[in-house]
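# A look at the structure
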Amino acid sequence: DAVAVIKSELQLLLPSIQVFLDVDDLEDIGALESYIGRSQVILFFLSGGYFRSKNCLREVRAALSQGKPIILVQEADENKGGGTLEEPSGMP
C-alpha cells in the first residue's frame with residue numbers, strides 16, 4: 001500500500017518523527033479533528049473517491065480551518081482509483 005510506504009520512508013529518513021496513519025493509529029473516528037489538531041503537517045493521499053468520503057472531508061475541513069500545512073499526494077495507479085492530474089479538470 002502506497003501510504004504505508006510513505007509512512008515507512010518518512011520514519012527511515014526522519015527517525016525522530018511521529019507519523020499518524022489513520023488505518024494504523026486511529027482509535028476514535030469521532031476525534032478526527034483532534035488528531036488533525038495535534039499534527040504539525042497533514043498529508044492527504046488522494047485516491048479515487050477521496051472527496052466522496054464524509055470522514056475524509058472532515059479531515060480536509062479541519063486542516064483548512066486550523067491552518068495546517070497540507071501536502072497532497074495523488075494516487076497514480078488507475079487500478080487503485082488513481083489517474084493523472086489532468087483528468088479531473090478535463091485537460092488532455
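Look a little higher up for the structure.
The following refers to the structure shown. (Residues numbered from 1 in each chain as written. Predicted model: local features only at pLDDT ≥ 70, side-chain atom pairs only at ≥ 80, totals over all residues. Heavy atoms only, no water.)

### Quick notes on the overall build of the chain
Along its length, the chain carries 5 helices and 2 strands. In the chain, the succession of α and β elements from N to C terminus is α-α-α-β-α-β-α. The buried share of the chain, reckoned over its 92 residues, is 26%. A fraction of 52% describes how many contacts in the chain between residues 6 or more apart in sequence connect residues 24 or more apart. Here the chain displays about 6600 Å² of accessible surface, and carbon together with sulfur accounts for 56% of that area. (Helix = DSSP H or I, 4+ residues; strand = E, 2+ residues; numbered from the N terminus. Buried < 20%, exposed > 50% of the residue type's maximum accessible area, 1.4 Å probe, protein only. Contact = heavy atoms within 4.5 Å. Areas by Shrake-Rupley, 256 points an atom, 1.4 Å probe, with all protein chains shown as cover.)

### Notes on the packing of aromatic side chains
Applying the stated rule across the entire model yields 3 aromatic pairs. Geometrically, the ring pair formed by F20 and Y35 is stacked, given 4.7 Å between the ring centres and 25 degrees between the ring planes. Of this pair, F20 sits in the loop between α1 (2-13) and α2 (22-25) while Y35 sits in helix α3 (residues 32-37), and the two are 15 residues apart along the sequence. A relative accessible area of 33% places F20 in the partly exposed class. Here the aromatic residues F44, Y50 and F51 are joined through ring pairs into a cluster of three or more. (Phe/Tyr/Trp six-rings, centres within 6.5 Å; stacked < 30°, edge-to-face > 60°.)

### A look at the environment of R61
Along the chain, R61 turns up in helix α4 (residues 54-65). R61 sits in the exposed class, given a relative accessible area of 52%. R61 sits 25 residues away from I36 along the chain, and the two C-alpha atoms are 9.9 Å apart.

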